[in-house]
Amino acid sequence: MKDASRHTLTEDAQGFALGVFLCAVALQFLTHAGLITGQTAGIAVIISYLTGWSFGVVFFVVNLPFYILAYMRLGPQFTAKSLISVTALSALTLIIPDHISFAHLSTPLAAIIFGALTGVGLLVIFRHNGSLGGLGVVALIVQDKTGFRAGYVQLCADAVIFTVALFLFPLAVVLWSLLGAVVLNLIIAINHRRDRYVAT
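The structure presented is a predicted model; accordingly, all values stated were derived computationally and were not measured.

Moving on: helix α5 (residues 135-146). Look at α5: 16 Å from first C-alpha to last across 12 residues, which is about the 16 Å you get at 1.5 Å a residue. If you check which residues of α5 are buried, you get Gly136, Val137, Ala139, Leu140, Ile141 and Gln143. Of the residues flanking the end of α5, it is Gly147, one or two places downstream, whose phi is positive at about 90°.

Put into structure tokens, the structure is as follows:
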């Protein structure tokens, strides 16, 4: 008998497509405003800014070591879904810039839009038993093992990344970027509850 609580392959496909698309669009707001973010994407954004290398390529490479941890702790299905999501996001961030531009975008609004879109996008991906790899994998492992919310784990990781960023970027850039990270992580912390949402 089929478990009605589990997502079908079609449901997973549309979930990942939506989640990754929202995150990819969110990154256009972030990078257009010259802001940074936390977690693995933040590391990739910082490296991209400092080197001129493509975010999509850097993001894909930075995530590679985390797949081993994901496979060992969260299983092959989660790892495969995360790999697909990361690859899709990397590809979309190479394609979308050719199809979108901004005549005017205020920095505070860019930060809020980035945080909101990414928070919702990640929630969709999490609820289909996937992630965008990296520190998100670590956050989910900590939440499942200890009950400490994934969003709060990511806030702690972000604190370290933003502290380093203070030495690399103007204070205003870091502060506005922090606003986006807070919006993102509060959305995840408040809404990502496995005890309330059981489908995988």
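Further notes follow.
Despite not being glycine, Gln39 shows a phi value in the positive range, around 60°. Relative to the elements of secondary structure, Gln39 occurs in helix α2 (residues 39-51). A relative accessible area of 9% places Gln39 in the buried class.

This part takes up the nonpolar core. One finds Phe59, Leu89 and Leu132 to be the most contacted residues of the largest nonpolar core, which totals 48 residues. Contributions of two or more residues to this core are made by α1 (9-32), α2, α3 (55-95), α4 (107-126), α5, α6 (150-165) and α7 (171-191). Residues contacting Leu132, with those up to four places away along its chain left out, are Val20, Cys23, Phe59, Asn63, Ser85, Val86, Leu89, Leu122 and Ile125.

As a packed pair, α1 and α4 sit with axes 8 Å apart at the nearest point and diverge in direction by 165°. With respect to their mutual orientation, α1 and α4 come out roughly antiparallel. Note on packing geometry: the crossing formed by α1 with α4 is left-handed. Contacts between α1 and α4 involve Gly15, Phe16, Leu18, Gly19, Val20, Leu22, Cys23, Val25, Ala26, Leu27, Phe29 and Leu30 from the first element and Ala110, Ile113, Phe114, Leu117, Thr118, Val120, Gly121, Leu122, Val124 and Ile125 from the second. Considered class by class, the residues forming the contact of α1 with α4 number 18 nonpolar, four polar and no charged.

Within the fold, Gln154 resides in helix α6. Linking Gln154 and Trp53, residues 101 residues apart in sequence, is a C-alpha distance of 25 Å.

Criteria and cut-off values
Residues numbered from 1 in each chain as written. Predicted model: local features only at pLDDT ≥ 70, side-chain atom pairs only at ≥ 80, totals over all residues. Heavy atoms only, no water. Helix = DSSP H or I, 4+ residues; strand = E, 2+ residues; numbered from the N terminus. Expected span 1.5 Å × (residues − 1). Buried < 20%, exposed > 50% of the residue type's maximum accessible area, 1.4 Å probe, protein only. Core = buried A, V, L, I, M, F, W, Y, C linked by side-chain atoms within 4.5 Å. Contact = heavy atoms within 4.5 Å. Axes fitted to C-alpha atoms, helices over the stretch in contact; angles between N-to-C directions. Parallel < 35°, antiparallel > 145°, perpendicular 65-115°, else oblique. Left-handed = near helix turned anticlockwise from the far one by under 90°. Nonpolar A, V, L, I, M, F, W, Y, C, P; charged D, E, K, R; others polar.

All quantities given are derived from atomic positions and should not be read as evidence of function.
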